[in-house]
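Each chain is listed here by its residues.
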Amino acid sequence: MKTVSLEQEINPWEAQAARFDLAAQKLNLDEGLQKVLRYPTREIIVHIPVALDNGKLEVFTGFRVQHSIARGPAKGGLRYSPDVTLDEVRALASWMTWKCAVVNIPFGGAKGGIICDPHKMSQGELERMTRRYTAELVEFIGPEKDVPAPDINTNEQTMAWIMDTYSMHMRQTVTAVVTGKPINIGGSRGRREATGRGIMISCDMAIQKLGLTPDQTRVIVQGFGNVGSNAAHLMAEAGYKIIGIAEVDGGLYNANGIDLRALWEYRQRNGTIQGFTGADKADPAELLITECDILIPAATENQITSQNAAQLKCKILAEGANGPTTAAADDILADKKVFVIPDILCNAGGVTTSYFEWVQDRQGYFWKESVVNDQLEHIMKAAFEDVVRYSETHNVNNRVAAYMLAIDRVAYTIRQRGIYA
Ligand code: GLU
């Protein structure tokens, strides 16, 4: 493996490029298609003026990157964070292409981001920023073009604003322009929990392979946002023992298992998990390297790097976040024989249920939650089996297998469609 600086190691674009190059080379993908698929199709940068509550005008920079529309409309979330960069959004957009291909849903990949600190902004400021961002992108998004969804620091309310702004421009209500909406305005039942549910389904499949049952399985979750909290909650209900939760501002540990229902209620009341008395306080960085059966990083990128990968003590790494593991850490984990459920498989439950939401919006017919969850389970299980089978037959690790499977599916479509000239 070539040596890289830490700065390079934690650049998400480099992280995805390293995996893409390896998988493309193993696939013997022809040089031309490698060039097509390595880079995004379209990158849009917008500088959006927003009137702040104090009367001043601020300009925020936003991105929307459409990596591929080969298999269908571009699809992917929108994140708000001070650390957003174009390279990060590019990487996340390409991960969406691979993710949708791994679960075999008819979408390409995209991602959006706005450089801002949403925790320092009022609801009014967030609304005005979201609406202006949407207005700037109005000709590039749409149910048949590019369909945004929630990601870090965006939620159902953000999607409602996008849907409304787009609809005002179209002079008609267009619910299918975004997914992850509130249920009464075209959202899908089960979407909120879907990423967490998909993680649980992947973990169920993985522990079965390792001969474990949920009640024997100790889980540590990093991140208690939409993804981490729902994964922990659903897995606790299914009998898994959640022994640790790590948040940026502190962690919790209880070797006998944390009562997730009580923690959930505590967080509802207090807006934080800090101060919960049903577990001991723990250092979040220590929790990542604490002994457990499943570690679920469900926060941000670059949590498992060449610096800490050797110290991990989990049997299964279930990647709830996008890009939580660097390419340099991959080799260390492979040596340690950690069973990795790669992000583009593990967290694909969210976009899969987004697909159901898009279908329901276009049908104008809404499914029962049990139908949504059954369909999700069916797709996640099939994708898990596809990836594991691919890894066994091609003698590569799960991550390389997932990339190979995805790249192969997208490349096949491009060959079939041909290049328009
Ligand atoms: N932001 C989520 C992801 O990274 C969901 C994307 C979607 O539903 O389109 O997968």
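Residues numbered from 1 in each chain as written. Predicted model: local features only at pLDDT ≥ 70, side-chain atom pairs only at ≥ 80, totals over all residues. Heavy atoms only, no water.

Below, the discussion takes up the pairing of strand S4 (residues 109-115). The buried fraction of S4 is high, at 6 of 7 residues. Sheet topology note: the strand S2 (residues 57-68)/S4 ladder contains 6 bridges and is antiparallel. The residue bridging Val 65 from the neighbouring strand is Lys 111, located in S4. As paired strands, strand S3 (residues 74-81) and S4 are joined by 4 bridges and run parallel to one another. Bridging from a neighbouring strand, Tyr 80 pairs with Ile 114 of S4. (Buried < 20%, exposed > 50% of the residue type's maximum accessible area, 1.4 Å probe, protein only. Helix = DSSP H or I, 4+ residues; strand = E, 2+ residues; numbered from the N terminus. Pairing = 2+ DSSP bridges.)

Before going further, it helps to spend a moment on the pattern of salt bridges. Following the criterion strictly, the structure yields 28 salt bridges and no others. With a shortest N-O distance of 2.8 Å, Arg 399 and Glu 319 are connected by a salt bridge. Linking Arg 399 in helix H15 (residues 398-417) with Glu 319 in the loop between strand S11 (316-318) and helix H11 (327-335), this pair joins segments that are 80 residues apart in sequence. Each member of the pair Arg 399 and Glu 319 is classed as buried. Among the ionic pairs, Arg 399 bridges to Asp 330, the shortest N-O distance being 3.0 Å. Of this pair, Arg 399 sits in helix H15 while Asp 330 sits in helix H11, and the two are 69 residues apart along the sequence. Comparing Arg 399 with Asp 330, the two get one shared label, buried. Bridged by salt links that share partners, the residues Arg 19, Glu 319, Asp 330, Asp 343 and Arg 399 form one connected network. (Salt bridge = Lys/Arg side-chain N within 4 Å of Asp/Glu carboxyl O.)

Moving on: the sheet that holds S3. Strand order in the open sheet made by the 5 strands is S1-S2-S4-S3-S5, with mixed pairing throughout. Only two strands of the sheet have a single neighbouring strand rather than two, namely strand S1 (42-51) and strand S5 (146-150). Put simply, the sheet's adjacent strands are angled 25° from each other on average, direction ignored. (Axes fitted to C-alpha atoms, helices over the stretch in contact; angles between N-to-C directions.)

This brings us to the site of the ligand. As a matter of local geometry, the ligand sits amid 14 residues, with Lys 75, Lys 99, Pro 150, Asp 151 and Ser 354 nearest to it. At a separation of 2.6 Å, an oxygen atom of the ligand approaches a polar side-chain atom of Lys 99. In the model, an oxygen atom of the ligand is placed 3.0 Å from a nitrogen or oxygen of the Asn 322 side chain. Relative to its free-state accessible area of 300 Å², the ligand is covered by the protein chains to the extent of 94%. Where the shell around the ligand is concerned, the elements lending two or more residues are S3, helix H4 (86-102), S5 and helix H13 (349-363). Across the shell around the ligand, the residue classes break down as 4 nonpolar, 5 polar and 5 charged. (Near = heavy atom within 4 Å. Polar contact = N/O pair within 3.5 Å; in protein donor to acceptor, adjacent residues only side chain to side chain. Areas by Shrake-Rupley, 256 points an atom, 1.4 Å probe, with all protein chains shown as cover. Nonpolar A, V, L, I, M, F, W, Y, C, P; charged D, E, K, R; others polar.)

Counting residues in hydrophobic clusters, the biggest one holds 88 residues, and the most contacted among them are Trp 98, Ile 294 and Ile 296. Ranked by residues supplied to this core, first place goes to H15 with 11 residues. Apart from residues no more than four positions distant in its own chain, Ile 296 is found in contact with Ile 199, Cys 203, Val 219, Ile 220, Val 221, Gln 222, Met 235, Ala 318 and Gly 320. Ranked by size, the runner-up nonpolar core spans 25 residues in total, among them Met 121, Met 129, Leu 137 and Val 178. (Core = buried A, V, L, I, M, F, W, Y, C linked by side-chain atoms within 4.5 Å. Contact = heavy atoms within 4.5 Å.)

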